[in-house]
Amino acid sequence: MRETTTDEPPQQGGLPDATVLARVWEEVLVVDGVGPDDDFFSLGGDSLLAVQVVGVARERGLRLTLLDLFKNPTPRGACVGAADAEDEGQGEELLSAQDRALVQGSAEAAYPASRLQLGLIYESLLSEGVLYIDVVSRSITLPLDPSVLRRAVDRVTRRHPMLRTRFDLTTFSEPMQVVERNVVVPVETADWSGLDPAAKAERYDKVMRDLQAPFDPERAPLWRVHAAATGTSEFQLAYAFHHAALDGWSESVLASEVVRLYAAMLRGEDLELADPAPAEEYVRLERAALRDDASRRFFESLGADAGAKLPERGDGTGDPFRKAAAQIPVGDIQRIHQLSAEWGLPLKSLFLAANCTAQAALTGTTEVTVGLTVSGRPETAGSDLTIGLFLNTLPFHLDVAEVSWHTAARRAFEAERGLLGHRRFPDAEVRALLGGVPFTTVFNYVHFHVRDRLLETGLVTADEDLRDPSSFPVRVEVIDDPRGRGQLLEVVADETRYGEGTAEELLQYVLSALHQMAEGPEEPALAGLRNA
């Protein structure tokens with residue numbers, strides 16, 4: 001790390017702003033000795049950690065935004081380059097007097113549904129519940145006590161309004177989220193400890209299918225739980241939820257809180273949990289984004305050309321959710337981590353560049369537009385603990401013609417940085433502006449740090465079974481799970497549309513791209529991949 005002296009005037013408690021921000025980085029990134037010119041991404045930062053940094057920094061009096069951090073990723077640069085952070089939409093009244101009068105006494109609160117929530121509800125209903133009902137299962141290294149599990153589930157449900165929320169699509173002037181004061185989450189338990197492996201597997205498959213039954217979005221709660229003892233000191237915890245209620249980060253928060261509370265209660269202890277930020281703040285931010293003419297102009301300028309398109313060679317048969325998965329080789333991952341630190345770029349930029357280059361090579365083009373999954377979580381303290389849906393999927397364009405892997409990754413970072421100021425402009429509105437869906441494939445990079453910390457407790461094993469059918473015909477996902485399963489690459493493709501073998505073919509192209517980046521970062525990216 002670099003030295004920590006600065007020439008800036010003292011601000012907070014006699015400390016320069018850059019020193020205050022450096023200490024925030026140390027807390028969030030869990031590193032020591034951060035200096036004013038250390039790079040956030042070289043230290044292992046990413047977009048979700050950046051949201052936490054901004055939230056804590058604001059608590060300590062620094063006027064900082066996520067965009068400031070991406071533009072100037074050092075403590076000194078972020079503080080010097082920071083614009084006055086505006087609290088977009090803060091305090092905006094979300095209910096009219098007429099709508100407020102319609103809120104029933106059983107409800108704790110009501111506020112409008114977000115555009116993405118409405119889209120997921122619509123597509124789930126249209127699919128008769130096939131889409132956007134997510135199920136996850138994990139092995140817990142504790143004995144199962146049904147009464148204690150019930151108490152833990154109830155405590156988490158009381159703590160998070162979204163776990164008590166239903167949607168009302170017709171009563172109000174617009175579709176609403178209604179937070180009920182009291183709900184009972186279905187919790188079923190079973191004892192499989194005496195069953196042989198084949199019988200356990202049969203029961204497990206049935207539970208996972210049953211959990212994935214459709215939810216009525218107008219009835220709370222929108223999640224359900226099942227737990228089965230598999231031995232004297234272990235059980236399988238599974239639950240399902242409507243994706244309109246929770247995103248992936250929220251699910252990791254839910255798992256962490258339920259398991260850690262259960263463990264504490266089993267010991268007869270209490271567990272203090274920090275307060276989450278209000279979920280409804282995201283609705284205010286989305287509404288502010290919708291009023292932003294700059295965002296409209298930004299997306300209108302992209303045009304509707306989807307760039308690279310995978311050949312649609314399907315005949316209507318096959319698996320609509322065919323998944324191909326592989327662990328990224330350790331040697332490649334180690335080198336990519338090294339390059340990320342050397343270049344001062346987030347890991348996500350390197351993976352994104354590899355994905356786009358692979359699709360360009362596969363489709364014979366040089367420019368690619370993919371849907372990039374981004375987080376719109378409010379930049380406030382406690383937002384990392386809030387359970388809800390804060391995602392958006394926006395068109396991301398990358399030109400990989402005649403550039404090295406290094407340059408492709410740099411371009412990917414700069415293109416994502418250009419999206420940041422528009423990250424809450426709803427995907428549905430983008431589609432309306434462009435007259436259709438401007439991409440055919442979606443890319444997502446996930447590293448759930450909450451899961452890392454849960455794995456460190458030893459209360460869960462690394463095994464995880466996640467089933468999350470979506471409406472996107474092709475999804476590429478990099479799962480960064482360093483304390484669990486390692487770094488995984490998953491491709492899900494609709495074989496009925498793209499044909500058998502598409503998922504595996506794209507998987508191999510992306511793996512090859514990552515290997516070539518690791519082996520020759522300054523070599524031509526696209527040409528090298530096409531010649532491989």
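Everything numeric here is computed off the predicted structure, so don't read it as measured data.

(A) Molecular detail of the sheet that holds strand 12 (residues 460–467). With respect to topology, five strands assemble into an open sheet ordered 5-6-7-2-12, the strand pairing being mixed. Since the sheet does not close on itself, it has two edges, and those belong to strand 5 (187–191) and strand 12, each with one partner. In this sheet, adjacent strand axes meet at a mean angle of 15° when their direction is disregarded. Where strand 5 meets strand 6 (residues 223–231), five bridges bridge the pair, whose relative direction is parallel.

(B) Broad picture of the packing of helix 13 (residues 347–363) against helix 14 (residues 405–420). Put simply, helix 13 and helix 14 touch, their axes get as near as 8 Å, and they point 110° apart. Between helix 13 and helix 14, the interaxial angle falls into the category roughly perpendicular. Within the contact between the two elements, helix 13 uses Lys-348, Ser-349, Leu-350, Leu-352, Ala-353, Ala-354 and Thr-357 and helix 14 uses Trp-405, Ala-408, Ala-409, Ala-412, Phe-413 and Glu-416. Looking at the contact of helix 13 with helix 14, its residues break down into nine nonpolar, two polar and two charged.

(C) Main features of the sheet that holds strand 3 (residues 165–168). In space, the three strands of this open sheet follow the order 1-4-3, with antiparallel pairing throughout. Both outer strands of the open sheet, strand 1 (107–112) and strand 3, are each paired with one neighbouring strand and no more. Between one strand and the next, the sheet's axes are offset by a mean angle of 25°, whatever the strand orientation.

(D) How the structure looks around the packing of aromatic side chains. Scanning the entire structure with this criterion turns up eight aromatic pairs. Summarising the aromatic geometry, the rings of Tyr-282 and Phe-390 are spaced 5.6 Å apart at their centres and angled 85° between planes, so their arrangement reads as edge-to-face. Taken together, the residues span a long stretch of sequence, with Tyr-282 in helix 10 (residues 281–290) and Phe-390 in the loop between strand 9 (367–375) and strand 10 (391–399) at a distance of 108 residues. Geometrically, the ring pair formed by Phe-439 and Phe-472 is tilted, given 6.5 Å between the ring centres and 45° between the ring planes. Here Phe-439, found in the loop between helix 15 (427–434) and strand 11 (441–446), pairs with Phe-472, found in the loop between strand 12 and strand 13 (474–481); they are 33 residues apart in sequence, far enough to count as distant.

(E) Summary view of the pattern of salt bridges. Across all of its chains, the model carries 35 salt bridges by this definition. The salt bridge partner of Glu-251 is Arg-138, with a shortest N-O separation of 2.8 Å. Here Glu-251, found in helix 9 (residues 248–266), pairs with Arg-138, found in strand 2 (residues 133–140); they are 113 residues apart in sequence, far enough to count as distant. Taking relative accessible area as the criterion, Arg-138 reaches 7% and is therefore assigned buried. Glu-456 is the salt-bridge partner of Arg-483, the closest N and O atoms lying 2.5 Å from each other. Within this pair, whereas Arg-483 is found in the loop between strand 13 and strand 14 (486–493), its partner Glu-456 is found in helix 16 (residues 449–457), the two being separated by 27 residues in sequence. Classification of Arg-483 by relative accessible area gives partly exposed; the value is 45%. For Glu-456, a relative accessible area of 52% puts it in the exposed group. Linked through salt bridges whose partners overlap, the residues forming this network are Arg-138, Glu-251, Arg-451, Glu-464, Asp-481 and Arg-485.

(F) Spotlight on the environment of Leu-163. Here Leu-163 lies in the loop between helix 7 (146–159) and strand 3. Each C-alpha atom of the pair Leu-163 and Leu-48 lies 22 Å from the other, and the pair is 115 residues apart in sequence. With residues up to four places along the chain from it excluded, the contact list for Leu-163 reads Val-156, Thr-157, Val-183, Pro-221, Trp-223, Leu-246, Leu-254 and Ile-387.

(G) Representation of the environment of Leu-398 within the structure. Positionally, Leu-398 belongs in strand 10. Considering only alpha carbons, one finds Leu-398 and Thr-189, 209 residues apart in sequence, at a separation of 49 Å. If we ignore the near neighbours within four places in the chain, the residues touching Leu-398 are Ala-353, Cys-356, Thr-366, Glu-367, Val-368, Ala-408, Arg-411 and Ala-412.

(H) Structural detail: helix 14. Taking 1.5 Å per residue, 16 residues should reach 22 Å; helix 14 reaches 23 Å between its end C-alpha atoms and fits that length. What helix 14 keeps buried is the set Trp-405, His-406, Ala-408, Ala-409, Ala-412, Phe-413, Glu-416, Leu-419 and Leu-420. Angular distribution of buried residues about the axis of helix 14 spans 170°; they occupy a single face of the element.

(I) Structural detail: the packing of helix 7 against helix 9. Between helix 7 and helix 9, whose axes approach to 9 Å, the crossing angle comes to 135°. By the angle between their directions, the pair helix 7 and helix 9 is classed as oblique. As for how helix 7 packs across helix 9, the hand of that crossing is right-handed. Taken together, the residues of helix 9 that come into contact with helix 7 (itself represented by Val-148, Leu-149, Arg-151, Ala-152, Arg-155, Val-156 and Arg-159) are Leu-254, Glu-257, Val-258, Leu-261, Tyr-262, Met-265 and Leu-266. Residues that form the contact of helix 7 with helix 9 fall into these classes: ten nonpolar, no polar and four charged.

Definitions and limits used
- Residues numbered from 1 in each chain as written.
- Predicted model: local features only at pLDDT ≥ 70, side-chain atom pairs only at ≥ 80, totals over all residues.
- Heavy atoms only, no water.
- Pairing = 2+ DSSP bridges.
- Helix = DSSP H or I, 4+ residues; strand = E, 2+ residues; numbered from the N terminus.
- Axes fitted to C-alpha atoms, helices over the stretch in contact; angles between N-to-C directions.
- Parallel < 35°, antiparallel > 145°, perpendicular 65-115°, else oblique.
- Contact = heavy atoms within 4.5 Å.
- Nonpolar A, V, L, I, M, F, W, Y, C, P; charged D, E, K, R; others polar.
- Phe/Tyr/Trp six-rings, centres within 6.5 Å; stacked < 30°, edge-to-face > 60°.
- Salt bridge = Lys/Arg side-chain N within 4 Å of Asp/Glu carboxyl O.
- Buried < 20%, exposed > 50% of the residue type's maximum accessible area, 1.4 Å probe, protein only.
- Expected span 1.5 Å × (residues − 1).
- Arc of directions from axis to C-beta.
- Left-handed = near helix turned anticlockwise from the far one by under 90°.

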